Amino acid sequence: MESGVLFGTAVSIALIHTLIGVDHYVPFIALSKANNWTIKKTVYVVLLCGFGHVLGSVILGFIGVVLSAGITSLVDIEDKRGTIATYALIAFGLIYTIYGVRRSLKDKTHTHMGQDGQTIIHAHTHNETEHQHNSKKTNSVFWGLFIFFILGPCEPLIPLLMYPAATMNTFMLVLVTVSFSVITISVMLLMTLLGIKGFQLLKFDRLEKYTHALAGSAILLCGLSVLLLPI
């Protein structure tokens, strides 16, 4: 009976924790839209970052169980990791917003009158060098996200699931840990894909050149919400 309750708790906590934690999926939605990532690439990025997100807490939790470390000390470590990750997300969002604003200013179109009296619109085009730069930027964006999720802890995992499961048996410890991890990553992926699908149904043609600035702003707001709100 206790095993069933703990398993159900692991499922529920993973689901609720990920759904209300907008930082688990909004950054992927924003950056996928701004950088025109394919669905395949987006899934790849989410899975890697999701795995990195749960891995840190899982390793710390298992070390604590094996060494019989006090739960308070592990929670303190997780809190510090969470604080660092939150400020890292805020910094990432701010830097990306600045980049997006600068890019939107560079991508301005200009008009002039042709000989036939018609208005001609010119847009700045990207050369091969800029395409290479964008490729490097995409890699930087991925590593920035990955580092954030590595730093970001799964706060409920150790105190609410791993330690209670460890008092039962090894099987329950592994079960709740794997269940929590799989559901967390699955919900991250599901919410990201739903968000991308929602954007595809809406038309933002006039805001196209501002997508990077808007993406950065969305990430910045995510970081601030995590810092200021109890989520």
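Residues numbered from 1 in each chain as written. Predicted model: local features only at pLDDT ≥ 70, side-chain atom pairs only at ≥ 80, totals over all residues. Heavy atoms only, no water.

Asker: Is there a simple way to think about the pattern of salt bridges in this case?
Answerer: Two side chains carrying opposite charge are able to pair once their charged atoms lie near each other. Using the criterion set out here, one finds one salt bridge in the structure. Between glutamate 78 and arginine 81 there is a salt bridge; the shortest N-O distance is 2.5 Å. Residue glutamate 78 and its partner arginine 81 are both found in helix 4 (residues 71-106); the two are separated by three residues, about one turn of the helix. The same class applies to glutamate 78 as to arginine 81, namely buried. (Salt bridge = Lys/Arg side-chain N within 4 Å of Asp/Glu carboxyl O. Helix = DSSP H or I, 4+ residues; strand = E, 2+ residues; numbered from the N terminus. Buried < 20%, exposed > 50% of the residue type's maximum accessible area, 1.4 Å probe, protein only.)

Asker: Whenever I open this one, the environment of serine 217 confuses me. Can you help?
Answerer: With respect to the helices and strands, the residue serine 217 is situated in helix 8 (residues 211-228). Distance from serine 217 to isoleucine 95, taken between C-alpha atoms, is 9.6 Å for residues 122 residues apart in sequence. A polar atom in the side chain of serine 217 sits 2.9 Å from the backbone oxygen of alanine 213. (Polar contact = N/O pair within 3.5 Å; in protein donor to acceptor, adjacent residues only side chain to side chain.)

Asker: Quick question: what am I supposed to make of the confidence of the model for the protein here?
Answerer: In low-pLDDT segments, the atomic positions of the prediction should not be examined closely. On average, residues of the protein score 85 in pLDDT, and 83% of them reach the 70 mark or higher. Here residues 110-114 is a poorly scored stretch, pLDDT under 50, and it has 14 contacts once near neighbours within four places are set aside; other chains count. (pLDDT = per-residue confidence, 0-100. Contact = heavy atoms within 4.5 Å.)

Asker: Teacher, can you tell me more about the packing of aromatic side chains here?
Answerer: The geometry of an aromatic ring pair is captured by two quantities: the separation of the ring centres and the angle between the planes. For the structure on display, the rule yields seven aromatic pairs. Geometrically, the ring pair formed by phenylalanine 148 and phenylalanine 149 is edge-to-face, given 4.8 Å between the ring centres and 70 degrees between the ring planes. Residue phenylalanine 148 shares its accessibility class with phenylalanine 149, and that shared class is buried. Through successive ring pairs, a cluster of aromatic residues spans Phe28, Phe148 and Phe149. (Phe/Tyr/Trp six-rings, centres within 6.5 Å; stacked < 30°, edge-to-face > 60°.)

Asker: Is there a simple way to explain the packing of helix 4 against helix 8 in this structure?
Answerer: A pair of packed helices is characterised by two quantities: the angle between their axes and the separation of those axes. Interaxial distance between helix 4 and helix 8 falls to 7 Å at its minimum, and their mutual angle equals 160 degrees. Our classification of the angle between helix 4 and helix 8 gives roughly antiparallel. Considering the relative orientation of helix 4 and helix 8, their crossing is left-handed. Considered class by class, the residues forming the contact of helix 4 with helix 8 number 16 nonpolar, eight polar and one charged. (Axes fitted to C-alpha atoms, helices over the stretch in contact; angles between N-to-C directions. Parallel < 35°, antiparallel > 145°, perpendicular 65-115°, else oblique. Left-handed = near helix turned anticlockwise from the far one by under 90°. Nonpolar A, V, L, I, M, F, W, Y, C, P; charged D, E, K, R; others polar.)

Asker: Just to check I follow, could you spell out the side chain of threonine 42 for this structure?
Answerer: On the secondary structure map, threonine 42 appears in helix 3 (residues 39-67). Within polar-contact distance, the side chain of threonine 42 engages the side chain of serine 32 at 2.8 Å.

Asker: Hey, could you run me through unusual backbone geometry in this one?
Answerer: Glycine aside, residues mostly have negative phi angles, and peptide bonds mostly take the trans form. With phi around 55 degrees, asparagine 36 is a residue other than glycine that occupies positive phi space. Residue placement: asparagine 36 occurs in the loop between helix 2 (26-34) and helix 3. Exposure remark for asparagine 36: the relative accessible area of 61% places this residue in the exposed category. Phi is positive for serine 68, close to 55 degrees, though the residue is something other than glycine. Among the structural elements, serine 68 can be located in the loop between helix 3 and helix 4. For serine 68, a relative accessible area of 63% translates into the label exposed.

Asker: What is the right way to look at the packing of helix 4 against helix 6 (residues 157-166) in this model?
Answerer: Put simply, helix 4 and helix 6 touch, their axes get as near as 10 Å, and they point 140 degrees apart. In terms of axis orientation, helix 4 runs oblique to helix 6. Two packed elements cross with a definite hand, and for helix 4 against helix 6 that hand is right-handed. Of the residues in helix 6, those touching helix 4 at Ile71, Leu74, Val75 and Glu78 are Ile158, Pro159 and Tyr163.

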